[in-house]
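What follows is the residue order along each chain.
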Amino acid sequence: MPEYHGNVKVGGPAQTHELAQLMITKVAVGPMDNNAYLLRCRQTDEQVLIDAANDADTLLQLIGDGGLARVVTTHRHQDHWEALAEVVARTGATTVAGRYDSEGIPVPTDQLVDDGDHIAVGQCSLRVIHLVGHTPGSIALVYDDPDGAPHLFTGDSLFPGGVGNTQGDAERFTSLINDVETKLFNELPDETWVYPGHGSDTTLGTERPHLAVWRERGW
């Protein structure tokens, strides 16, 4: 398998990041170039999907016949759940979303999560981090790899080069950058691998020197 770099294109092959206990497969789907992530516990083979964003056929092919335990939706925006209904109908997966965004997701949420909650992926676990600003109930998910650096799935709250879009709303921007700085950058090490909702991956160490610039520019 080729070395993981996280650069995927719609219609192109998925990329798999092989960790000691968890497999992370990234694929790009849909007209807004969304990232979807399939996580598989290497000990139990249980699978969890982060953001059934679009193109249910591609996602179901990725899931294969191994079953799907849960689908986590990082936030309420439509481009992150357009394939959710079909994926759930075909797999019977439990739906998971942040408490304050669930009402904006048309597929009913089976498991509401709050800051500090955990979501199982077999014997692995994702910790929920609530980030307010891009939407009221956006969540990031961190896998604290016991064998290496943490792995952080940020939805649309953090990207290479800045935080998520807050539509020019100064209050929302301040809330988001405060949450991102205190809950992500202040809590996790530089080597933390970041998997965003769109585009290429990054690390917290790559982005950390630019926090003050982001705050000053206001987006």
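Everything below is about the structure shown above.
Presented here is an overview of the structure given in this document. On a predicted model such as this, the values are computed, not experimentally measured, just so you know.

Here is what the cut-offs are and how they apply
Starting afresh in each chain, residues are numbered from 1 along the sequence in its written order. Under the rules for a predicted model, residues below a pLDDT of 70 receive no local features and side-chain atom pairs below 80 are neither given nor counted, while totals for whole chains, interfaces and linings still include all residues. The side-chain figures draw on all heavy atoms in the structure; neither hydrogens nor water molecules are used. To sort residues, take the accessible area from a 1.4 Å probe on protein chains only and compare it with the maximum for the residue type: under 20% means buried, over 50% means exposed, and anything in between is partly exposed. What counts as a helix is a DSSP run of H or I of at least four residues, what counts as a strand is a run of E of at least two, and both are numbered from the N terminus. A pair of strands counts as paired when DSSP detects no fewer than two bridges linking them. Centre distance within 6.5 Å is the pairing criterion for rings of Phe, Tyr and Trp, where only the six-membered ring of Trp is used; planes under 30 degrees apart are then read as stacked, over 60 as edge-to-face, and the remainder as tilted. Either the NZ atom of lysine or the CZ atom of arginine qualifies as a charge over a ring when it sits within 6 Å of the ring centre and within 35 degrees of the ring normal. For this analysis, a polar contact is any N or O atom pair within 3.5 Å, provided that within protein one partner can donate a hydrogen and the other can accept it, and provided that sequence-adjacent residues contribute only side-chain to side-chain pairs. Note on definitions: angles span 0 to 180 degrees between N-to-C directions of axes, and those axes are lines fitted to C-alpha atoms, for helices only across the stretch in contact. Contact definition: two residues touch when any of their heavy atoms are within 4.5 Å.

Re the pairing of strand E11 (residues 151-155)
Along a regular strand, successive side chains alternate from one face of the sheet to the other. With 5 of 5 residues buried, E11 is to be regarded as a mostly interior element. Neither face of E11 is open: one carries His 151, Phe 153 and Gly 155, the other Leu 152 and Thr 154, and all of them are buried. Here 3 bridges tie strand E10 (residues 139-143) to E11, and the two strands are oriented antiparallel to one another. Paired with Val 142 across the bridge in E11 is Leu 152. Direction of pairing for E11 relative to strand E14 (residues 193-196): parallel, over a ladder of 4 bridges. For Phe 153, the partnering residue across the bridge sits in E14 and is Tyr 195.

Some details on the packing of aromatic side chains
Given two aromatic rings, one states the distance between the centres and the angle between the planes to describe the pair. Counting across every chain of the model gives 7 aromatic pairs. Ring geometry for Tyr 4 against Trp 193: centres 5.8 Å apart, planes inclined by 55°, an arrangement best described as tilted. In this pair, Tyr 4 is assigned in the segment before strand E1 (15-18) and Trp 193 in strand E14, connecting sequence segments 189 residues apart. Aromatic side chains Tyr 37 and Tyr 195 sit 5.6 Å apart centroid to centroid with 80° between the ring planes, which places their arrangement in the edge-to-face category. One end of the pair, Tyr 37, is in strand E3 (residues 34-41); the other, Tyr 195, is in strand E14, and 158 residues separate them in sequence. We note that Tyr 37, like Tyr 195, is buried. Ring-pair connections join several aromatic residues into one group, and the members of that group are Tyr 4, Tyr 37, Phe 153, Trp 193 and Tyr 195. The ring of Trp 219 has Arg 217 lying over it, and the distance from NZ or CZ to the ring centre is 3.7 Å.

Here's the deal with the side chain of Asn 54
Among the structural elements, Asn 54 can be located in the loop between strand E4 (47-50) and helix H1 (56-63). At 3.3 Å, the side chain of Asn 54 and the side chain of Glu 82 are in polar contact.

Quick word on the sheet that holds E3
An order of E1-E2-E3-E4-E5-E6-E7 is seen for the 7 strands of this open sheet, with the pairing classed as mixed. At either margin of the open sheet sits one strand with a lone partner, and together these are E1 and strand E7 (111-113). Pairs of neighbouring strands in the sheet enclose a mean axial angle of 20°, with direction left out of account. Looking at chain direction, E3 and E4 are connected through 4 bridges and run antiparallel. The residue of E4 that forms the bridge with Arg 40 is Gln 47. Those strands touched by H1 are strand E2 (22-29), E3 and E4, and its axis lies near 160° from that of E2.

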